[in-house]
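Each chain, written out:
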Amino acid sequence: MPELLRPGSIDEAADLIARHGAAAAVLAGGTSLMRETYPSDGGYLIGVDRLGLDRVVARDGGWSVGAAVSLSVLREAVPIAALQAATREIGGPAVQNMATVGGNLFARAPFGDLAPALLALGAQLVFATADGETTQPIEDFYAGWADGAPPSTGLLTRIELDAPSGDCAYLKCARRRYSTPSVVTVAASVQKDGGTVTDARIALSGAHAQPTRCAAAEQAVIGSSLDEAAIAAAASATEGAVEPRTDAVASDWYRRRMTGVFVGRALAALA
Amino acid sequence: MEDKLIRLAVNGRDEAVVIQPLATLQDVLRDKLELNAVKSGCGQGGCGSCSVLVDGELQLSCLTLAERVGDAEVTTLEGLNETNAIVPLQQAFIENYAAQCGYCTAGMVMAAKALLDRNPAPSRDEIVEGLSGNLCRCTGFAPIVRAVQQAAQALSDTGEEAS
């Protein structure tokens, strides 16, 4: 049976993670991990409920979001419509009260619908390790995943989020309206100068083994006026770039098609 | 690993219970405290039949480790009314035939209470979203939504709380 450890400080938690390595799993809201934990398992569950990571701090130009902040608290505390939309797409109300922002970033497809929103918003992730604190852009964190599994990063302690300067759209394609795994999830944010797109961040989950930005789609809209032709080009470029998988929710073929369709819809919402 | 003595605040009472390592709140409520309105459904967070309130917030007891509940106040269906009388929300379920086999009902009532406590006059869409983590395999949901609509109406007529 795994042993529950409840460290009282971030340093202690980082040391436990470093010491126990792959035998340790970080237990936050429990909505994924509790389902996968069996009495026959060994190892350690490292609870993060005593680390003070359950607060959102509004700072100049943005927010510091503790990794153990629940999805419902995030929705109340951070008034970014795309992020609020994402929190409502994950589980039902009880799951949203329990599941944490940090935990959701480690969820594996077809779960983990927060990641595209945070990728599109350019979030930075802060980790505590036995050697100190490290910060990395969220896309670098996902670039380090192998075979759909996260790298050993230490303890995710907070997510730094700047107030968005452009518009951001978030859309989830799923089989049911609520409390459902995703076929594919899309978030897009664009910066415009006049009517011309100067920068774009288009993010997907369900399209690769882990959440990613889609450079091909971004390049298709930068410099355009988000006219129909540019949106169609971005949707087509997306379908050509993704490598979705088949599971019980959807086939790779369907995911590929829906990724293009939903990138197109997200961009149309920003046009 | 050894059994542990923990304290829980449940339905307004302080309870001391001996639990096994990694016992869930659901295990403790059902097996130690005999609060059997808490149902054991999927054990995966997918059905909502084990829903309880923790400090007034809807949570899933099957995914909650009992020893992490700490000082939080836990409310089960049995705790909606001190005298065990039917509360208006339950009465609305009865009058709308919102239960058939009844297995989901306690969780549905707790989800509805959590919704009405936050939003006393929800729209139909808000009720559907508020109950979206709770599955019913008999009624087709429509009577349940009607029951919550009736309860909300009754509450606005009387100015009472959901329970």
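Criteria and cut-off values
Residues numbered from 1 in each chain as written. Chains lettered and ligands numbered in written order. Predicted model: local features only at pLDDT ≥ 70, side-chain atom pairs only at ≥ 80, totals over all residues. Helix = DSSP H or I, 4+ residues; strand = E, 2+ residues; numbered from the N terminus. Buried ≥ 20, exposed ≤ 12 C-beta atoms within 10 Å, placed from the backbone. Contact = placed C-beta atoms within 7 Å. Expected span 1.5 Å × (residues − 1). Pairing = 2+ DSSP bridges. Axes fitted to C-alpha atoms, helices over the stretch in contact; angles between N-to-C directions. Nonpolar A, V, L, I, M, F, W, Y, C, P; charged D, E, K, R; others polar. Domains from an automatic or database assignment.

**A look at the environment of valine 69 of chain A**
Residue and element names in this part refer to chain A.
Okay, step 1: When you line up the elements, valine 69 lands in the loop between strand S5 (62–66) and helix H2 (71–77).
Okay, step 2: The buried category is assigned to valine 69, around which 25 C-beta atoms lie within 10 Å.
Okay, step 3: In this structure, the C-alpha to C-alpha distance between valine 69 and glutamate 243, residues 174 residues apart in sequence, is 32 Å.
Okay, step 4: Apart from residues no more than four positions distant in its own chain, valine 69 is found in contact with Asp54, Arg55, Val56, Leu74, Thr100 and Val101.

**With respect to helix H3 (residues 105–118) of chain B**
Okay, step 1: Taking 1.5 Å as the rise per residue, H3 of chain B with 14 residues should run 20 Å; its terminal C-alpha atoms sit 20 Å apart, in good agreement.
Okay, step 2: The buried fraction of H3 of chain B amounts to 12 of the 14 residues, a majority that puts the element mostly inside the structure.
Okay, step 3: Within the sequence span of H3 of chain B, burial applies to Thr105, Ala106, Gly107, Met108, Val109, Met110, Ala111, Ala112, Lys113, Ala114, Leu115 and Leu116 of chain B.
Okay, step 4: Close packing links the buried residues of H3 of chain B with helix H4 (93–98) of chain A together with strand S3 (51–54), strand S4 (57–60), helix H2 (88–95), helix H4 (124–130) and helix H5 (142–158) of chain B.

**Digging into the sheet that holds S3 of chain B**
All names here are of chain B.
Okay, step 1: Read across the sheet, 5 strands follow the order S2-S1-S5-S3-S4 without closing on themselves; strand pairing throughout is mixed. The open sheet has two free edges, formed respectively by strand S2 (13–19) and S4, since each of these has just one partner strand. On average, each strand axis in the sheet is tilted by 45 degrees relative to the strand beside it, whichever way the strands run.
Okay, step 2: Sheet topology places strand S1 (residues 4–10) next to S2; 7 bridges connect them, and they run antiparallel. Bridge assignment links isoleucine 6 to a residue of S2, and that residue is valine 17.

**Side note on the interface of chain A and chain B**
Okay, step 1: The partner chain B presents 22 residues to the 18 residues of chain A that form the contact.
Okay, step 2: When contributions to the side of chain A that touches chain B are tallied by element, the ones reaching two or more residues are strand S1 (3–5) and H4 of chain A.
Okay, step 3: By residue number, the principal contributor to the side of chain A that touches chain B is H4 of chain A, which donates 5 residues.
Okay, step 4: Residues that form the side of chain A that touches chain B fall into these classes: 8 nonpolar, 7 polar and 3 charged.

**Quick word on the domain arrangement of chain A**
All names here are of chain A.
Okay, step 1: Splitting chain A by domain gives domain 1 (3–47), domain 2 (56–162) and domain 3 (167–270).
Okay, step 2: Taken over C-alpha atoms, the centre of domain 1 sits 18 Å from the centre of domain 2.
Okay, step 3: Each partner contributes to the interface: domain 1 provides 12 residues, whereas domain 2 provides 17 residues.
Okay, step 4: Tallying contributions element by element places helix H1 (residues 10–20) first for the side of domain 1 that touches domain 2, with 6 residues.

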